[in-house]
Each structure stands twice: as structure tokens, then as C-alpha cells.
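Descriptive structure summary
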Amino acid sequence: MRKRSAKIEWQIVEDEAEWEALRARSALNHTSSGRPGYYRWAVVGLLLLVLGVGWFWHSSRADPASVPPLQTPTPASATSTQTATTIATAPPRPTATPLLERRSLFDQDIARMLEHPEWGIQVYRQQTTGRLREVLDLGLWGQHQELTTPHFHWRYRQRDAPVVATAAPQLEQIYATLRHNLGLPAADDAPRLTITLSETFALESAPYRLRHLDQLWVSSPALYPPMSWAPTDLLLQSLTLPLVDQTLDAASTYHAIGPARGPFLAGLRLWQLWDLDLPLAAWRYDLVRWIYVELPATTPEQPLPLPAHYDDLCATYSLWMDHPAQLEVPLLCAALDTSPWRLPRQVLNYPPRRLPWLNAPIYLDEYVDAHGRTRQISHPGEAIALATLIDYAVATYGRERLPELIANIGRYESWSTLIPAVYGVSAPAFENGWQRYLAQNAGAPNSVPSLTWRQP
């Protein structure tokens, strides 16, 4: 504080009357000099009062995520019922503050989310941080669990435990079937693949391709909207998409199948997904009929027709990928699908009915097209055609011959030498049988012209 020096004034009075007048004047001056300090303290007190009222109002409207959660026992359904009953029957508390009332509302919201998981999961996905997410994380998903099977190590939450218990033995059987179809030995000594079921929903945005994976990361089936497929089918479809690529990669290495057989492997992937009879296989007939019956019947001035049940088909594919073209199915599930300029007209009217090129070498020169192909003509339904070709071979000559076909696919340069070596018939006889199979299964008349697609 700033120091002040004392100030003394001397006044001389002559009688008592003058002394009393001087004393009265001095008292009045002292009272006037104290008023500024009183005003300052009054202003400070007023500000403190305003701050206190503001803090109390802010606390009463606090974010529910900052309020401690409802302490309720598991399971979630019992928690929701008990909480709702307690809140409904409890007598009113005359001393309840706005903060406690807000906590009661917060607890009721939690109870409703646990009672209706489809709503709670949506809130959980939107809430990235905070106390609300912590409460829903434990209440909706439960504790972390693990399961070990002969070829897989599962990591999941309590909510997915019933689905995993059903899907785990089925996936073991599917994996054994995949390896047998592709001519691979048993994977008894191979390290287990880790499967993680995540509470985060994600789509595959890249084309499916041969790849080696150490872990399969898929979304929990609880994240999918309600639909006619069982949660086990949804989970198995999520797992088989990368697992087929994993097995194809192992078969490509084991049988020395080079990149020139890429189109055949794309058809093999599509056939294998159809053969598993999971949700994506439901549109098999619609796609084959679209390629072999509906597209060839269009004229240049017409918009391209769409497959039957197009909206449902796109809705199904959108559960796992951005568009069907990632599986070599020529659809984008967008307005462009009906554009008459999207696909080359000179090949749409001629469905592939001849054996496609088996050997498709890739040359790095100016004659290669934008897709790295050396052929001048490539039908957009090439993968679908090859999938029907494999389906015909399995239906006609038996599934036990398929591993032999895969084992020899990289050893021969053309169908004319491969078909007799595997099936004991000539390539033209095999081709004629495939054409009859197409006419029977796609409903396509035999009179539809076919593009000469044979390898020279």
C-alpha cells in the first residue's frame, strides 16, 4: 500500500460555543470521507452475489454426460425394469435440487437405452467421449471375452457371445471347405487367425483382392439394422469376404498361379461366395439373368436395365462394401447404373458363351488398356460368366474334381489342354455343356448370339 504522512491542523478557539461548533463540523467531514469505501464494498458484494447466482444456474443445467451414471446391477434388461419402477414409485422429494432432478432424467435415459439396445447402440456410435459413452459401453456390450478354436482366436464382447458360440464351429467348417475346394492341405500347424468383433461399423472401400491377413477385423452383427437374416449369417458373411481372399492368396502361392490367371481367380472368388449360401448369394440368379437375358435385349436408345430386386440387392451389398463392383459385379448402385454410355454397347448385346481367355498376360507397353489388359474385348460380366463356368464344372463332374482344376490352372496355357487333362473331355464338349447349363439356369434362349471370346 502507498504510505501517507500524517496531517495535523491546529485551530485556536476562544470559548465553549466556538469549540462545540468546531467539533460538529469535524464529525461531518469524517462521515463524508468514509462514504467512498462503503460504496466500494457494496459493489464487491453485489458482484459476488451475481457470480454465485450464475454458478448455481449453470450447475443446474449441466451436461448429463458429466453426471455420475445410474448404479444398477446387470443384466441390462433387469437394470432397465428396476430403474424405471424405482423412479415411477418413489415419493417426491421436497428438498430435490435442479441438479438432482437432472440426474434422475439422465438415469431414466440410460435405462431406456439399455432396454432398447437398437436405440442405445445408435447413441453409443454418435457419442465419442464422455461419461455417457462409458456407461453405454459396459451396459450395452458387456465385458471382453475370448474363445479359441482349432484355427481361430476370437475376441468379442459379452453381447456377441451367443452369436460367436453359434458361428465359431460353422466358420471352422467353412474354412475347411475353402481349403479343400482350392486344393490346399489341412492347416493344422498354421498359426491361428485372430478374429476381432468391433463395436465400430466400417465398410470395405477397396476392391477385394488376394491378400495375406494375420487378423480378421469385422463389425459386430449388433450394429446392422434389423433384417431377415440371422445375426449368425451376417457375422459369417462379414468373415468369409476376407477369408476367401486369404485362402485364394494361399492357393495362388501353393499352386504357383501367376497374375495372368487374375480373371479366373475373380470368377472363382464370386463362385465361392455364392456356394456358401450366405446373404450375398441370394442375388446369384438375378445377376446371371441380367447378364445373359436382360442386357442383350436392350437397344442403344434405351437406358440399361437393372437386375431384378435391384434396390434389395444394393441394400445387401452396402452392408459390407461401397458398391458391388468391388467383387467384379458391374454395378455401382448409383444413378450411373442406368446410363446407356456406362458399359460398351458392342459387348452388352453379346453375353459370354464361349470359353474366355485362360492366359491373360500383362505387357507393360502402349497397347495395354486402362485396366492393364491386353485383350481388345472384355465383357463387363466376365467374373459372373467364369463363376457360372465353375458352377457348371462342379455340378457336372463333381466337387471332388475342383481341387484338381485349381491345381492345374497355372500349368496349362489354354482350355484346349487343361480341360482334357482334368475332366477327360474335349474343350468344345465342355463348352457346349456349359452353354446348355446357362440356358437352363439363366432362362436364356439358345438363339441369343454370342461373342467369339475364344483364345487364339
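Residues numbered from 1 in each chain as written. Predicted model: local features only at pLDDT ≥ 70, side-chain atom pairs only at ≥ 80, totals over all residues. Heavy atoms only, no water.

1. A short note on the overall build of the protein
When helices and strands are counted, the protein shows 15 helices and 4 strands. Relative to its full complement of 456 residues, the protein shows a buried share of 43%. Taking all contacts inside the protein whose residues are at least 6 apart in sequence as the whole, residues at least 24 apart take part in 68%. As presented, the protein carries roughly 25,700 Å² of accessible surface, and 57% of it is formed by carbon and sulfur atoms. (Helix = DSSP H or I, 4+ residues; strand = E, 2+ residues; numbered from the N terminus. Buried < 20%, exposed > 50% of the residue type's maximum accessible area, 1.4 Å probe, protein only. Contact = heavy atoms within 4.5 Å. Areas by Shrake-Rupley, 256 points an atom, 1.4 Å probe, with all protein chains shown as cover.)

2. Brief notes about the state of the cysteines
Tallying each qualifying case throughout the model produces 1 disulfide. Paired through a disulfide, Cys-314 and Cys-333 show a sulfur-sulfur distance of 2.1 Å. Across the S-S bond of Cys-314 and Cys-333 the torsion is about -90°, and the bridge reads as left-handed. Placement of the pair is Cys-314 in helix H10 (residues 310-317) and Cys-333 in the loop between H10 and helix H11 (345-348), with a sequence separation of 19 residues. Residue classification places Cys-314 among the buried residues on the basis of a relative accessible area of 12%. Judged by its relative accessible area of 27%, Cys-333 is partly exposed. (Disulfide = S-S within 2.5 Å.)

3. A few points about the pattern of salt bridges
Taken as a whole, this structure holds 8 salt bridges when the rule is applied. A salt bridge links Arg-211 to Glu-204, with the nearest nitrogen and oxygen atoms 3.9 Å apart. Take Glu-204: its relative accessible area is 22%, and that puts it in the partly exposed class. Between Arg-211 and Asp-245 there is a salt bridge, and its shortest N-O distance comes to 3.6 Å. Residue Arg-211 is found in the loop between strand E3 (193-198) and strand E4 (215-219), and its partner Asp-245 is found in helix H7 (residues 231-254); the two are separated by 34 residues along the sequence. Arg-211 sits in the buried class, given a relative accessible area of 15%. Using a relative accessible area of 0% as the deciding quantity, one classes Asp-245 as buried. Through salt bridges that share partners, Glu-204, Arg-211, Asp-245 and Arg-269 make up one connected network. (Salt bridge = Lys/Arg side-chain N within 4 Å of Asp/Glu carboxyl O.)

4. So, the environment of Ser-220
With respect to the helices and strands, Ser-220 occurs in the loop between E4 and H7. Classification of Ser-220 as buried rests on a relative accessible area of 0%. Considering only alpha carbons, one finds Ser-220 and Tyr-156, 64 residues apart in sequence, at a separation of 8.4 Å. Excluding residues within four positions of it along the chain, Ser-220 makes contact with Trp-141, Asp-160 and Ser-198.

5. Quick notes on the sheet that holds strand E2 (residues 152-157)
Ordered in space as E1-E2-E3-E4, the 4 strands form an open sheet in which the pairing is mixed. Every interior strand has two partners, whereas the edge strands, strand E1 (144-148) and E4, have only one. Taken pair by pair, the neighbouring strands of this sheet meet at an average axis angle of 15°, ignoring direction. Both E3 and E4 contribute to a ladder of 5 bridges, which runs parallel. Paired with Ile-195 across the bridge in E4 is Leu-216. Against the sheet, helix H6 (residues 161-181) contacts E1, E2 and E3, and its axis sits at roughly 160° relative to E2. Most of the contacts of H7 go to E4, to which it runs at about 150°, and overall it touches E2, E3 and E4. (Pairing = 2+ DSSP bridges. Axes fitted to C-alpha atoms, helices over the stretch in contact; angles between N-to-C directions.)

6. Some thoughts on the nonpolar core
Ranked by internal contacts, the top residues of the largest apolar core, which has 90 residues, are Trp-154, Phe-264, Leu-287 and Tyr-317. Among the elements that take part in this core, helix H12 (residues 382-397) stands out by supplying 10 residues, more than any other. With residues near it in sequence (within four places) discarded, Leu-287 still touches Trp-274, Pro-307, Leu-313, Tyr-317, Val-329, Leu-331 and Ile-384. (Core = buried A, V, L, I, M, F, W, Y, C linked by side-chain atoms within 4.5 Å.)

7. Some points on the confidence of the model for the protein
Per-residue confidence for the protein averages 78 on the pLDDT scale, and 64% of its residues sit at or above 70. Predicted confidence for residues 445-456 stays below pLDDT 50, and this span has 38 contacts to residues more than four positions away or in other chains. (pLDDT = per-residue confidence, 0-100.)

8. Focus: unusual backbone geometry
The phi dihedral of Asp-277 falls on the positive side, at around 55°, and the residue is not glycine. Summarising the element assignment, Asp-277 is placed in the loop between helix H8 (262-275) and helix H9 (284-294). Note on Asp-277: relative accessible area 65%, which makes it exposed. Here the phi dihedral of Cys-333 falls at roughly 55°; this positive angle occurs in a residue that is not glycine.

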